[in-house]
Amino acid sequence: MTDSADSSSFRLAYVPGVTPAKWVRIWAERLPDTPLDLLQVTPAEASDVLREGAADAAFVRLPVDRTVFSAIPLYTETTVVVVPRDHVITAAEEVTVADLADEVVLHPLDDVLGWERPPGEAAFERPATTEDAIELVAANIGVLVVPQSLARLHHRKDLTYRTIVDAPRSDIALAWPEDATTELVEDFIGIVRGRTVNSTRGRAQQAPAADRKGERERRKPQAGGGAGKGGAGGSRGRGGAAKGGAAKGGAAKGGGRRGTGGGKPRRRP
């Protein structure tokens, strides 16, 4: 593992549709002295940014080259079709790929679904980006199939979307160069996986020396000298005045025989 303890910051790249805010907040709480720098990249740029060392880790869309990168799959996105609000598709809550057979389906050059063959009828020209395709949907040129996060990212009041139940889906993962698994990368992996700050698989924050010393003192067994449990010196049940009364063998239980009423002898009849 490469040591990055002296790094001035942790550089995290992410592709459109991913919202890293939750993990960034936890990072700031656990490592306040190490800034986290965010870098938004396109899906096509993500691998190059990691390979060139411009980012320490990245939220990417799978697949990635597993001979170069380590990756932790996080979740799979729902696929939706984006349409105008008055489109006939909005009459249903869910649709299938077959329902798009008669539609012009826009297929942008930055498509992330990896279709073997896109559904519906192809547009005259492929839009350069998903954002461009959204504009064409708004102009009633066609419909667009994307992961749900991208539909939300490019939300417009005049557009809506419906789930496609049998379309390809996009998987989101945390990836980093396998030969650059630094301590800061391990810290971020722990955050993403939900480990606690004191997890043995992550780097636990060290308590101050005074706190650690105090904890050791609290864990030490109590000495046998001093006042014993309920008594005034000596160990439990031995010698001295144990359990707050006289020791065995002295004036035990009133000093006389059992049931004699305070030690007075019984008169003979």
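Residues numbered from 1 in each chain as written. Predicted model: local features only at pLDDT ≥ 70, side-chain atom pairs only at ≥ 80, totals over all residues. Heavy atoms only, no water.

A few points about the sheet that holds strand β7 (residues 104-106)
Across a sheet, strands are paired by hydrogen bonds formed along the backbone, either parallel or antiparallel in direction.
Part 1 of the reasoning: Reading across the sheet, the six strands line up as β6-β10-β5-β9-β7-β8 and stay open at both edges, with mixed pairing between neighbours. Looking along the sheet, the strands with just one partner apiece sit at the ends: β6 (94-95) and β8 (121-122).
Part 2 of the reasoning: Bridging between β6 and strand β10 (residues 159-164) involves two bridges; their strand directions are parallel. Residue pairing across strands places Glu94 opposite Thr163, the latter belonging to β10.
Part 3 of the reasoning: Strand contacts of helix α3 (residues 130-138): β5 (79-84), β7, β9 (143-147) and β10, with the helix running at about 140° to β9, the strand carrying the most contacts. (Pairing = 2+ DSSP bridges. Helix = DSSP H or I, 4+ residues; strand = E, 2+ residues; numbered from the N terminus. Contact = heavy atoms within 4.5 Å. Axes fitted to C-alpha atoms, helices over the stretch in contact; angles between N-to-C directions.)

A few points about empty space enclosed by the protein
Part 1 of the reasoning: Tallying each qualifying case throughout the model produces two cavities of 30 Å³ or more.
Part 2 of the reasoning: The space that makes up the largest cavity amounts to roughly 50 Å³.
Part 3 of the reasoning: Lining the largest cavity, in full, are Val82, Ala151, His154, His155, Arg156, Leu159, Thr160 and Tyr161.
Part 4 of the reasoning: No other element matches the three residues that β10 contributes to the lining of the largest cavity.
Part 5 of the reasoning: Here the lining of the largest cavity is composed, by residue class, of four nonpolar, three polar and one charged. (1 Å grid on protein atoms, 1.4 Å probe; cavity = no way out; pocket = protein on both sides within 12 Å on 5 of 7 lines; lining within 4 Å. Points joined across faces, edges and corners; volume = space filled by probe spheres on them. Nonpolar A, V, L, I, M, F, W, Y, C, P; charged D, E, K, R; others polar.)

A closer look at the sheet that holds strand β3 (residues 57-61)
Part 1 of the reasoning: Pairing within the open sheet is mixed, and its five strands lie in the order β2-β1-β3-β11-β4. Bordering the open sheet on either side are β2 (36-40) and β4 (69-76), each of which pairs with just one other strand. With direction set aside, neighbouring strand axes in the sheet form an average angle of 20°.
Part 2 of the reasoning: As paired elements, β3 and strand β11 (residues 171-177) share four bridges and run antiparallel to each other. The residue bridging Ala58 from the neighbouring strand is Ala175, located in β11.

Quick notes on the packing of helix α1 (residues 21-30) against helix α5 (residues 183-192)
Part 1 of the reasoning: Running from N to C, α1 and α5 cross one another at 120°; their axes reach a closest spacing of 10 Å. The orientation of α1 with respect to α5, classified from their angle, is oblique. Handedness of the α1/α5 crossing: right-handed. Residue-level inspection shows Trp23, Ile26, Trp27 and Arg30 of α1 in contact with α5, the latter providing Leu184, Asp187, Phe188, Ile191 and Val192.
Part 2 of the reasoning: Grouping the amino acids of the contact of α1 with α5 by side-chain chemistry returns seven nonpolar, no polar and two charged. (Parallel < 35°, antiparallel > 145°, perpendicular 65-115°, else oblique. Left-handed = near helix turned anticlockwise from the far one by under 90°.)

Details of the packing of aromatic side chains
Part 1 of the reasoning: Taken as a whole and assessed by the stated rule, the structure comprises five aromatic pairs.
Part 2 of the reasoning: Through a chain of ring-to-ring contacts, the aromatic side chains of Phe10, Trp23, Trp27, Phe59 and Phe188 assemble into a single cluster. (Phe/Tyr/Trp six-rings, centres within 6.5 Å; stacked < 30°, edge-to-face > 60°.)

Topic: the environment of Arg126
Part 1 of the reasoning: Position of Arg126 relative to the elements: it lies in the loop between β8 and α3.
Part 2 of the reasoning: By relative accessible area, Arg126 is classed as partly exposed at 41%.
Part 3 of the reasoning: Along the backbone, Arg126 and Leu109 are 17 residues apart, and their C-alpha atoms lie at a distance of 6.5 Å.
Part 4 of the reasoning: Arg126 has contacts with His107, Pro108 and Leu109, leaving out every residue within four places of it along the chain.
Part 5 of the reasoning: A distance of 2.7 Å separates a polar atom in the side chain of Arg126 from the backbone oxygen of His107. (Buried < 20%, exposed > 50% of the residue type's maximum accessible area, 1.4 Å probe, protein only. Polar contact = N/O pair within 3.5 Å; in protein donor to acceptor, adjacent residues only side chain to side chain.)

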